[in-house]
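Okay, here's what each chain looks like letter by letter:
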Amino acid sequence: MVSARNARWSFVTTAWLREHGVEHDELVLRGRTDLRPDHEVKTDIGRLLSARYRVALAVDDREDIREVWWSFGIPVALVDDEGAIGAPSPALAAVDAALGDVLAEASAVGPSGLEPLTPSV
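All values reported here derive from a predicted model rather than from experimental measurement. (Residues numbered from 1 in each chain as written. Predicted model: local features only at pLDDT ≥ 70, side-chain atom pairs only at ≥ 80, totals over all residues. Heavy atoms only, no water.)

Peer 1: So what's going on with the nonpolar core? Which residues, and what values?
Peer 2: Membership of the largest hydrophobic core is limited to twelve residues, which are Val28, Val41, Ile45, Leu49, Tyr53, Val55, Ala58, Ile65, Trp69, Trp70, Ile74 and Val76. Listed by contribution, the elements that provide at least two residues to this core are helix H2 (38–52), strand S3 (53–55) and helix H3 (63–71). (Core = buried A, V, L, I, M, F, W, Y, C linked by side-chain atoms within 4.5 Å. Buried < 20%, exposed > 50% of the residue type's maximum accessible area, 1.4 Å probe, protein only. Helix = DSSP H or I, 4+ residues; strand = E, 2+ residues; numbered from the N terminus.)

This is how it looks when you write it as structure tokens:
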């Protein structure tokens, strides 16, 4: 689970996730003294996660952050203010068309959608 929230809110965030049944293996938050814009924070987080995992899917509510995840080759589902996944953008049809396969793979991997990297031979 990734959020640009400040780490000082980790307890509240974890409690909210638990209360709403959102399972996760890890919670990655912005550092306590990090005042950078969200896209910079999530770029660093994307770099970290891409080195540690094969990320199957990112779910975000901001189009500018979708670009960050795409820069790491991570498929993205956008969520609207009501919590529903929005319609795919026409210019992004190729990525959005693959979303069903990614969701199926993510559910096979586990609730977090993250799978440890395995070395290729």
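Peer 1: Kindly report on the packing of H2 against H3, identifying the contributing residues and their values.
Peer 2: Two elements in contact, H2 and H3, have axes whose closest approach is 9 Å; the angle formed by their N-to-C orientations is 25°. Comparing the axis directions of H2 and H3 gives the class roughly parallel. The handedness of the crossing between H2 and H3 is right-handed. Each of Asp38, His39, Lys42, Thr43, Ile45 and Gly46 in H2 lies in contact with H3, whose residues at this interface are Ile65, Val68 and Trp69. Residues of the contact of H2 with H3, tallied by class, amount to four nonpolar, three polar and two charged. (Axes fitted to C-alpha atoms, helices over the stretch in contact; angles between N-to-C directions. Parallel < 35°, antiparallel > 145°, perpendicular 65-115°, else oblique. Left-handed = near helix turned anticlockwise from the far one by under 90°. Contact = heavy atoms within 4.5 Å. Nonpolar A, V, L, I, M, F, W, Y, C, P; charged D, E, K, R; others polar.)

Peer 1: Please set out the pattern of salt bridges residue by residue, giving values where relevant.
Peer 2: The tally for this structure, following the rule as stated, stands at nine salt bridges. In this structure, Asp44 engages Arg36 in a salt bridge whose closest nitrogen and oxygen atoms are separated by 2.6 Å. We classify Asp44 as partly exposed; its relative accessible area is 34%. What makes Arg36 partly exposed here is its relative accessible area of 29%. Note that Asp64 is salt-bridged to Arg62, the shortest N-O span being 2.6 Å. Its relative accessible area of 36% is what places Asp64 among the partly exposed residues. Since its relative accessible area comes to 30%, Arg62 is described here as partly exposed. (Salt bridge = Lys/Arg side-chain N within 4 Å of Asp/Glu carboxyl O.)

Peer 1: With reference to specific residues and values, describe H3.
Peer 2: Looking only at H3, the buried set comprises Ile65, Arg66, Val68, Trp69 and Trp70. Looking one or two places after H3, you find Gly73, whose phi comes out positive at around 75°.

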